Amino acid sequence: MLSRRNFLTAAVGVAAAGGLAACAKEDDSSSGSDSSSGGGGKKITLGFAQVGSESGWRTANTKSVKEAAKDAGYTLKFSDAQQKQENQISAIRSYIAQKVNVIAFSPVVVTGWDAVLKEAKTAKIPVILTDRSIETSDDSLYVSFIGSDFIDEGRRAAKMLEKVLEKAGHKGAVKIAQLEGTTGAAPAIERAKGFKEIMDAEHKDDWKVVVSQTGDFTRAGGKQVMAAFLQSNPDINVLYAHNDDMALGAIQSIEAAGKKPGKDILIVSVDGVKDGFVAMSEGKINGIVECNPLLGPQLMELVKKVNDGETVERRIKTKEGDFLQEQAKEALPTRKY
Ligand code: GZL
């Protein structure tokens, strides 16, 4: 296990690392400590490269990370990559140059990380993946991945759709529109994979995904793409959205087309943000597979162990539930995000 205390740190002269890409947004939130104490003193300095601020889920995830770092007394260097991989890579290089103790990030897409993670490894800075995973042949490039099981979320969405169809008394063909997350992102790839696994195994004769396209996890994307779906496939009767924000955008287009979301077009979504629960309580979304963004406290515990050179679990899965319409009203007051 790598820990900065146990070795000399090679100077990492990555010139470009000094600055973040122009359009990324960064801030140093510390607990009032001297942020130059990264690695020298007792205080842990964590560099966190966030995907962006594309959805309600991401906003809640950012809040959880920042609050938990403050509660833990860590110095947090935080950047928002605005969903651009080049900005996340620049942020990681910046943290290497600043000699943080630990780097954590939520990779916007699964590929293209080996080079920068090799630089972190050379600098003897351990890396933790949060929320989303990566594809790499070199397992030594990160010490742990903490986040949901997206393939299971896709399976759960398909099983939930079975219940929604039965409850709606649906008869006849099931013509599904799928709003995919960001192209190349683990949640998009894996939520589609899990859903297809159940569909192929248990519904290959009566369910069909008639159209599928990315809405990039945003409301605007969901609205725009759903409008196009309804033009090309007016007989869609189910929407499977990879996140609530795209489902909420799609609802606007469904209503603009004179159709009733939750009735004419049954909707199953993923995340469980408050606005998603409100839409469910209004009968506009039929079921939501929860994906828990509140990873902050677990992440900070992991950071401490990694920094202290302890052995940590390679894969830590977050716990989450499933919610149907009738549970929405009762659950709303206690939703934390
Ligand atoms: C899932 C997370 C996804 C959410 C979206 O863990 O990566 O990204 O489902 C967010 O809302 O944009």
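Each chain carries its own residue numbering, running from 1 in the written order of its sequence. Thresholds applied to this predicted model are a pLDDT of at least 70 for local features of residues and 80 or more for the giving and counting of side-chain atom pairs; totals over whole chains, interfaces and linings are not thresholded and use all residues. Calculated side-chain values reflect all of the structure's heavy atoms, with hydrogen atoms and water omitted.

Q: Mind showing me how you'd approach the overall build of the chain here?
A: When you go through the chain residue by residue, the secondary structure sums to 10 helices and 13 strands. Think of it in three bands: with a 1.4 Å probe and only protein chains considered, a residue is buried below 20% of the maximum accessible area for its type, exposed above 50%, and partly exposed in between. Looking at the chain residue by residue over its 337 residues, the buried ones come to 55%. The long-range share in the chain, meaning contacts at least 24 apart out of those at least 6 apart in sequence, stands at 76%. We get accessible surface area from the Shrake-Rupley algorithm with a probe of 1.4 Å; when it comes to residues, only the shown protein chains can shield them. Put simply, the chain shows about 14,000 Å² of open surface, and 51% of that area lies on carbon and sulfur atoms. Helical segments are the DSSP runs of H or I of at least four residues, strand segments are the runs of E of at least two, and each set is numbered from the N terminus. It only takes one pair of heavy atoms within 4.5 Å for two residues to be counted as in contact.

Q: Looking at this structure, how should I read the nonpolar core?
A: Residues enter a nonpolar core if they are buried and are Ala, Val, Leu, Ile, Met, Phe, Trp, Tyr or Cys, with the set joined through side-chain atoms within 4.5 Å. Judged by nonpolar contacts, the single largest core of 28 residues is most densely connected at Leu179, Met226, Phe229, Leu239, Ile267 and Ile285. Of all the secondary-structure elements, those providing two or more residues to this core are strand E7 (174–180), helix H6 (219–232), strand E9 (238–241), helix H7 (244–256), helix H8 (274–281) and helix H10 (325–331). Sort the elements by how many residues they give to this core and H7 lands first, with six residues. Those residues within four positions of phenylalanine 229 in sequence are excluded, and the remaining contacts are Ala177, Gln178, Leu179, Val211, Ser212, Gln213, Pro234 and Ile236. Residues Met160, Trp207, Leu266 and Val289 belong to the second largest nonpolar core, which totals 27 residues.

Q: Hey, could you run me through the site of the ligand in this one?
A: Each residue is tested against the molecule or strand, and it is near if at least one of its non-hydrogen atoms lies within 4 Å. Taken together, 13 residues surround the ligand, and among them Glu54, Asp131, Arg132, Arg191 and Asp271 come closest. Arginine 58 has a polar side-chain atom sitting 3.0 Å from an oxygen atom of the ligand. We define a polar contact as two N or O atoms separated by no more than 3.5 Å, with the added condition that, inside protein, one atom must be a possible hydrogen donor and the other a possible acceptor, whereas residues neighbouring each other in sequence contribute only through side-chain atom pairs. At 2.8 Å from an oxygen atom of the ligand is found a side-chain nitrogen or oxygen belonging to arginine 191. A total of 320 Å² of accessible area belongs to the ligand in isolation, and the protein chains cover 100% of it. Secondary-structure elements contributing two or more residues to the shell around the ligand are helix H1 (56–72) and helix H5 (186–202). Three residue categories are used. Nonpolar comprises Ala, Val, Leu, Ile, Met, Phe, Trp, Tyr, Cys and Pro, charged comprises Asp, Glu, Lys and Arg, and polar comprises the others, including Gly. For the shell around the ligand, the per-class residue count stands at five nonpolar, two polar and six charged. Lining the shell around the ligand are residues from two domains, each supplying at least three of them: domain 1 (10–147 + 293–318) and domain 2 (150–291). Note that the domain bounds reflect an automated or database-derived domain assignment.

Q: Quick question: what am I supposed to make of H8 here?
A: Side chains of residues three or four places apart in an α-helix project in the same direction, reflecting 3.6 residues per turn. Residues Gly276, Phe277, Ala279, Met280 and Ser281 constitute the buried set of H8. Residues of H8 that are buried make contact with H7, strand E11 (287–290), strand E13 (322–324) and H10. In the stretch just after H8, glycine 283 is the one whose phi turns positive, near 80 degrees.

Q: Before we go on, may I ask you to explain the sheet that holds E13 in this structure?
A: In sheet architecture, strand pairing relies on hydrogen bonds along the backbone and comes in two forms, parallel and antiparallel. Pairing between two strands is assigned when DSSP locates at least 2 bridges connecting them. With mixed pairing, six strands are arranged side by side in an open sheet as E8-E7-E9-E10-E11-E13. In the strand order of this sheet, the two ends are held by strand E8 (207–214) and E13, each with one partner. Direction aside, neighbouring strands of the sheet carry axes that sit 15 degrees apart on average. Relative to E11, strand E10 (residues 266–271) runs parallel, the two sharing four bridges. If you follow valine 270 over to E11, its bridge partner there is valine 289. This element, H7, spans E7, E9, E10 and E11 of the sheet and lies at about 155 degrees to E10. Axis geometry follows a simple rule: fit a line to the C-alpha atoms, using only the stretch in contact for helices, then measure angles between N-to-C directions, giving values from 0 to 180 degrees.

Q: Looking at this model, I keep getting lost on the packing of aromatic side chains. Mind explaining?
A: Centre-to-centre distance and the angle between the planes together describe a pair of aromatic rings. The pairing test for Phe, Tyr and Trp rings, Trp by its six-membered ring, is centres within 6.5 Å, and the orientation test on the planes gives stacked under 30 degrees, edge-to-face over 60, and tilted for anything in between. In total, this model carries five aromatic pairs according to the counting rule given. Taken together, the ring pairs connect Phe195, Trp207 and Tyr240 into an aromatic cluster. Throughout this description, the term charge over a ring refers to an Arg CZ or Lys NZ atom that lies within 6 Å of the ring centre and within 35 degrees of the ring normal. Over the ring of phenylalanine 323 we find arginine 335, and its NZ or CZ is 5.0 Å from the ring centre.

Q: Before we go on, may I ask you to explain the side chain of serine 253 in this structure?
A: As for its position among the elements, serine 253 is in helix H7. Judged by relative accessible area, which is 8%, serine 253 ranks as buried. Once you skip the residues sitting within four places of it in the chain, serine 253 turns out to touch Lys223, Met226, Ala227 and Leu230.

Q: Would you mind going over the pairing of E8 with me for this structure?
A: Regular strands place their side chains on alternate faces of the sheet. In terms of strand pairing, E7 meets E8 through seven bridges, oriented parallel. Residue valine 174 lies in a different strand from E8, and its bridge partner there is tryptophan 207.

Q: When you look at the packing of helix H2 (residues 85–97) against helix H3 (residues 114–122) in this model, what are you seeing that I'm missing?
A: The description of two packed helices rests on the angle between their axes and on the distance between the axes. Axis separation between H2 and H3 bottoms out at 10 Å; the angle between their running directions is 10 degrees. The orientation of H2 relative to H3 falls into the category roughly parallel. Where H2 abuts H3, its residues Ile89, Ile92, Arg93 and Ile96 lie against Val116, Glu119 and Ala120. Working rule for angles: under 35 degrees goes down as roughly parallel, over 145 as roughly antiparallel, 65 to 115 as roughly perpendicular, anything else as oblique.

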